[in-house]
Amino acid sequence: GLRQIDGWKGCAASYKFLATKALAQGPMPLTIYEDDAVFDADAVDRLAVIEDYLAARPDGWDVFSGLLSDLSPAARISRIDPVGEEEFLHLDSAIGMVFGIYNRPALKLLSEFTVKGESVTRHAIDRYLEAQKPHCIATLRPLVGHNAEVHSSLWSTSNAYTSKMIDDSLIRLQALRDGFVTKT
């Protein structure tokens, strides 16, 4: 990763660099996961199903999020596709970059990122991506978890602060899913 005094700016610079290189060199999509991603024993099998699902819709999505770490209360589901053991939720919101698969439109957005302020909670690259309302696909059960035991260079503290935020996000996602299923 690229380093800066403010860890979140270094993180953003790293994503911007990777996105720019991926757009220049191809192929699409690009999978990026952070060093604090935690994979369950079935992650490889699940990832194969996810990649097949995404490959069948080459232009029908912007980003796959393996962990929606702070899903917006304003997020909406537009579609749910059950495939085997997975439920693919199509959303208008993406937040969190612990694990992502980025298609060309999301890579273009990431490559255009510039820091606009000094507040990490408002101006981090994942907040920027969220504000663009990308077509995000996620699974109801996250593909990865987040290691709360490691020290974060992004936040200059441990990752333990994220546990409640992630739990709340997953509760919101479940409620969105349940509300969508009830309406259809």
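A few points on the structure. Along each chain, the written sequence defines residue order, and numbers are assigned to residues from 1. Only residues with pLDDT of 70 or above have their local features reported here, since the model is predicted, and side-chain atom pairs are shown and tallied only from 80 upward, although totals for entire chains, interfaces and linings are computed over all residues. In computing side-chain properties, one takes all heavy atoms of the structure into account and sets aside hydrogens as well as water.

1. Quick look at the environment of Arg57
And then number 1: Working definition: helices are DSSP H or I runs of at least four residues, strands are E runs of at least two. Numbering for both runs from the N terminus. With respect to the element layout, Arg57 can be found in the loop between helix 2 (43-55) and strand 3 (63-65).
And then number 2: A contact between two residues is defined here by any heavy atoms of the two lying within 4.5 Å. Ignoring sequence-local partners within four residues, the contact set of Arg57 consists of Arg79 and Asp81.
And then number 3: At 2.6 Å, the side chain of Arg57 forms a polar contact with the backbone oxygen of Tyr53. N or O atoms within 3.5 Å of each other form a polar contact, as long as, within protein, one can give a hydrogen and the other can take it, and as long as residues adjacent in sequence are counted only when both atoms are side-chain atoms.

2. Some points on the packing of aromatic side chains
And then number 1: Only rings of Phe, Tyr and Trp enter the pairing, Trp through its six-membered ring, and a pair is recorded when the two centres are within 6.5 Å. The plane angle decides the type: under 30 degrees is stacked, over 60 is edge-to-face, the rest tilted. Under the definition given, this model contains five aromatic pairs.
And then number 2: Geometrically, the ring pair formed by Phe39 and Phe99 is edge-to-face, given 6.1 Å between the ring centres and 80 degrees between the ring planes. Note that Phe39 is positioned in strand 2 (residues 37-39) and Phe99 in strand 6 (residues 99-102), a separation of 60 residues in sequence.
And then number 3: Burial status follows relative accessibility: with a 1.4 Å probe on protein chains alone, a residue under 20% of its type maximum counts as buried, one over 50% as exposed, and anything between as partly exposed. Note on Phe39: relative accessible area 38%, which makes it partly exposed.
And then number 4: With centroids separated by 3.8 Å and ring planes inclined at 0 degrees, the aromatic side chains of Tyr53 and Phe88 adopt a geometry described as stacked. Placement of the pair is Tyr53 in helix 2 and Phe88 in strand 5 (residues 86-91), with a sequence separation of 35 residues.
And then number 5: Among the aromatic side chains, those forming a connected cluster through ring pairs are Tyr33, Phe39 and Phe99.
And then number 6: Its end group placed over the ring of Tyr53, Arg57 keeps NZ or CZ at 3.7 Å from the ring centre. Placement of a positive charge over a ring is assigned whenever Lys NZ or Arg CZ falls within 6 Å of the ring centre and within 35 degrees of the normal to the ring plane.

3. Things to note about the nonpolar core
And then number 1: What we call a nonpolar core is a set of buried Ala, Val, Leu, Ile, Met, Phe, Trp, Tyr and Cys residues that are connected through their side-chain atoms within 4.5 Å. Among the nonpolar cores identified, the biggest contains 29 residues, and Tyr15, Leu68, Leu91, Met97, Tyr102, Leu110 and Ile125 are the most heavily contacted of them.
And then number 2: Only helix 1 (7-25), strand 4 (77-83), strand 5, helix 3 (104-111), helix 5 (125-131), strand 7 (136-139) and helix 6 (162-183) provide two or more residues apiece to this core.
And then number 3: Looking at this core, the element that brings in the most residues is helix 1, giving five residues.
And then number 4: When neighbours within four sequence positions are excluded, Tyr102 is seen to be in contact with Tyr15, Pro29, Leu30, Ile32, Trp61, Asp62, Val63, Met97, Leu107, Leu110 and Leu129.

As far as function goes, none of this settles anything; it's purely spatial.
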